[in-house]
Amino acid sequence: MPRDTLTADQIVRAAIELLDEGGLDGLNMRSLGQRLGSAATAIYWHIKTKDDLVRLAGDAIWDEVELPGLDATDWRTAAVASAAGMHAMLLRHPWLGQAFGSHLLYGPHKSRYDDHTLALYEKAGFSAAEADRAAATVFVFVLGSALGSAAQVSLTRRLNRGGGDAEEQLAAAMTQAGEIAMRFPRLRERLGTQAATDYSAAPEDTFAFGLRSILDGFEAHLTDRKNGAYSA
């Protein structure tokens, strides 16, 4: 693809594909140029550094999160939809969780999501300062909930390098972890009802349970304040 027909958006989209396939380590200008059918120098004409590319890709995928109209639904339904949309996006792009710890990430799509979440918590009845804390609480919970899957993808890639068999190594490690866990009473009780290879897996519906508990707490806070239990 000649330089004069290559666009920044095409570069970012191709970068997202590479990141989805190989994580942060799988993205480099040479492989990106091959995917685009263009020389790496043509990419630098539009985007100067790999860090800039990761930042742009990391912002672009926030546009995948559908934001419910606040005038058409109640704040709690909107909060669930926004959080679930973010969670699904992070599972589709597990490299983003890794990028949070190694890159400066910002942009209009991420800001759009943040502004929407602040608006929905203000609609619920929180003050601006409380909305900041509520949005941050849910954001950290959603991000943390998705990190397990992201770590699994990253670990599997690493174990497969050099001809290794990730599935075999993971199964062996989980068997050993299960044997160690059997020394402890509560873990032993739970392992008695599931295979040892499931030891590291989160219980089913953990994300929904956690989000519901957080929003229950928010609702209780608003109700108590309304009833005069304490002031904002």
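For every chain, the first residue of its written sequence is number 1, and the numbers climb from 1 along that sequence. Local features in a predicted model are, by the rule used here, given only for residues with pLDDT of at least 70; side-chain atom pairs are given and counted only at 80 or more, and totals for whole chains, interfaces and linings are based on all residues. Calculated side-chain values reflect all of the structure's heavy atoms, with hydrogen atoms and water omitted.

Novice: I'd like a description of the packing of helix α1 (residues 8-22) against helix α2 (residues 29-36), backed by residues and values.
Specialist: To obtain an axis, a line is fitted to C-alpha atoms, over the contacting stretch when the element is a helix, and the angle between two such axes runs from 0 to 180 degrees between their N-to-C directions. Every helix listed is a DSSP run of H or I at least four residues long, and every strand listed is a run of E at least two residues long, numbered separately from the N terminus. Here α1 crosses α2 at 115°, and the two axes come no closer than 10 Å. By the angle between their axes, α1 is roughly perpendicular relative to α2. Remark: the crossing between α1 and α2 carries right-handed chirality. Of α2, the residues touching α1 (which contributes Q10, I11, A14, A15, E17, L18 and E21) are S31, L32, R35 and L36. Each residue is assigned to one of three groups, with Ala, Val, Leu, Ile, Met, Phe, Trp, Tyr, Cys and Pro labelled nonpolar, Asp, Glu, Lys and Arg labelled charged, and all others, Gly among them, labelled polar. Looking at the contact of α1 with α2 residue by residue, the classes come out as 6 nonpolar, 2 polar and 3 charged. Each angle receives one of four descriptions, namely roughly parallel if under 35 degrees, roughly antiparallel if over 145, roughly perpendicular if within 65 to 115, and oblique otherwise. Take the far helix as the reference: if the near one is turned anticlockwise from it by less than a right angle, the crossing is left-handed, and if turned clockwise, right-handed. The contact criterion used throughout is that any non-hydrogen atoms of two residues lie within 4.5 Å.

Novice: Requested: an account of the packing of helix α5 (residues 75-92) against helix α7 (residues 108-124), with residues and values cited.
Specialist: α7 packs onto α5 with a crossing angle of 155° between their chain directions and a minimal axis gap of 9 Å. The orientation of α5 with respect to α7, classified from their angle, is roughly antiparallel. The hand of the α5/α7 crossing is left-handed. Of the residues in α7, those in contact with W75, A78, A79, S82, A83 and M86 of α5 are Y113, H116, T117, L120, Y121 and A124. Within the contact of α5 with α7, the residues separate by chemical class into 9 nonpolar, 3 polar and no charged.

Novice: So what's going on with the environment of S82? Residues and values would help.
Specialist: With respect to the element layout, S82 can be found in helix α5. To sort residues, take the accessible area from a 1.4 Å probe on protein chains only and compare it with the maximum for the residue type: under 20% means buried, over 50% means exposed, and anything in between is partly exposed. With relative accessibility at 2%, the residue S82 sits in the buried group. Expressed as a C-alpha distance, the spacing of S82 and H116, which sit 34 residues apart in the sequence, is 8.7 Å. Residues contacting S82, with those up to four places away along its chain left out, are V65, L67, P68, Y113, H116, T117 and L120.

Geometric values such as these leave the question of function open.
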